[in-house]
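Topology and contacts: notes
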Amino acid sequence: MNKKRVFFTVDPRTKLFLMIIISFIAITGNITGNSIYARLIILLIPSLLVVANKEIVKGTVFCLIIFLGWYAEAFLIRGESQLYDILIFVPAGIVTRFMPTVVMGYYFLNTTQVEELIEGLERLKCSRKITIPIAVMFRFLPTIKEESSYIDDAMRMRNISLRNTLDRPITYIEYRMVPVLNSVIKIADELTIASVTRGLNITRPKTAIIQLRLKWYDVSILVLAVVLTIFYYLL
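None of the values given here were measured: they were computed from a predicted structure.

**Notes on the nonpolar core**
- Core analysis: the largest hydrophobic core is formed by 30 residues, its most contacted members being Leu18 and Leu49.
- Where this core is concerned, the elements lending two or more residues are α1 (12-27), α2 (35-52), α3 (56-75), α4 (82-111) and α8 (216-234).
- With residues near it in sequence (within four places) discarded, leucine 18 still touches Ser23, Ile45, Leu49, Met104, Ile221 and Ala225.
- Residues Phe108, Val114, Ala135 and Phe138 belong to the second largest nonpolar core, which totals seven residues.

**Some words on the UniProt feature "transmembrane region" (unreviewed entry) in the protein chain**
- Within this numbering scheme, the UniProt entry marks residues 12-30, 36-52, 59-77, 83-109 and 216-234 as carrying the feature "transmembrane region" (unreviewed entry).
- Secondary structure across residues 216-234 divides into 100% helix and 0% strand, with the first and last C-alpha atoms of the span separated by 27 Å.

**Some remarks on the packing of aromatic side chains**
- Per the counting criterion, the structure on display carries six aromatic pairs.
- With 5.7 Å between their ring centres and 35° between their planes, phenylalanine 67 and tryptophan 70 make a pair best called tilted. You can see phenylalanine 67 and its partner tryptophan 70 sitting in helix α3, three residues apart, about one turn around the helix.
- Consider the rings of tyrosine 232 and tyrosine 233, whose centres lie 4.9 Å apart with planes at 85°: the pair is edge-to-face.
- Overall, the relative accessible area of 6% leaves tyrosine 232 in the buried class.

**Brief notes about the packing of α1 against α2**
- Between α1 and α2, the shortest axis-to-axis distance is 10 Å and the interhelical angle comes to 135°. Here α2 runs oblique to α1, going by the angle between their axes. Of the two elements, α1 crosses α2, and the hand of that crossing is left-handed. For the pair α1 and α2, contact is made by Leu18, Ile21, Ile22, Ile25 and Ala26 and by Arg39, Ile42, Leu43, Ile45, Pro46 and Leu49, respectively.

**Comments concerning the side chain of threonine 111**
- Tracing the backbone through its elements, the reader meets threonine 111 in helix α4.
- Overall, threonine 111 belongs to the buried group, its relative accessible area being 3%.
- In terms of polar contacts, threonine 111 uses its side chain to reach the side chain of lysine 15, at 3.0 Å.

**Structural notes on unusual backbone geometry**
- Despite not being glycine, lysine 54 shows a phi value in the positive range, around 70°.
- Inspection of the secondary structure puts lysine 54 in the loop between α2 and α3.
- Backbone geometry places lysine 125, a non-glycine residue, at a positive phi of 65°.
- As for its placement among the helices and strands, lysine 125 is situated in the loop between α5 (114-123) and α6 (128-157).

Reading the values: rules and limits
Residues numbered from 1 in each chain as written. Predicted model: local features only at pLDDT ≥ 70, side-chain atom pairs only at ≥ 80, totals over all residues. Heavy atoms only, no water. Core = buried A, V, L, I, M, F, W, Y, C linked by side-chain atoms within 4.5 Å. Buried < 20%, exposed > 50% of the residue type's maximum accessible area, 1.4 Å probe, protein only. Helix = DSSP H or I, 4+ residues; strand = E, 2+ residues; numbered from the N terminus. Contact = heavy atoms within 4.5 Å. UniProt positions renumbered as here; feature names shortened; annotations may be inferred. Phe/Tyr/Trp six-rings, centres within 6.5 Å; stacked < 30°, edge-to-face > 60°. Axes fitted to C-alpha atoms, helices over the stretch in contact; angles between N-to-C directions. Parallel < 35°, antiparallel > 145°, perpendicular 65-115°, else oblique. Left-handed = near helix turned anticlockwise from the far one by under 90°. Polar contact = N/O pair within 3.5 Å; in protein donor to acceptor, adjacent residues only side chain to side chain.

Written as structure tokens, this is what we have:
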């Protein structure tokens, strides 16, 4: 699988910590009081990391969407009409509660190698019953996405698309689902063989080429996240 070039990435342990903090505060977020400003900074951290990875357009769009959702929740007047609430506050709530986590997951997947993830989880003393399934799924999902794009290309060559689904629904399902299922089975077998070959089932301590170390910006991000979380709950 071709992986995007990484310009800036933080330690996988920092990413896991940020994922937990951002997800928790996004879902249970308060939209009143001074704590909303601390919440805004926390919600924007994933988008800023995307910008730091030289994906400036995507990161800027993510920042803008999250900021607009946060502003609509925090400052626009509710209760004017039921339609107004549905059109403004429901989408804004969905954006602020789910999009930061999705953006963090996007950054995580595009900047983290499986080897780094495994080493980071082992440094955190995670059980191998957790480490191995996470590592397999981490490699499995992007591969399925890549296989799905190949299937889309093959379907376009046969003039099968969503536009003619109503005309040939059985054909569409056959050309879409059967190759996907075959790919899933094949990839699962290949990942199992690769896992055994790399010694993931060995219980004894293993050496690793990748040597993870928290850098100054990892410490800065962790301190910032902790301070903002404390301010969020104290303000």
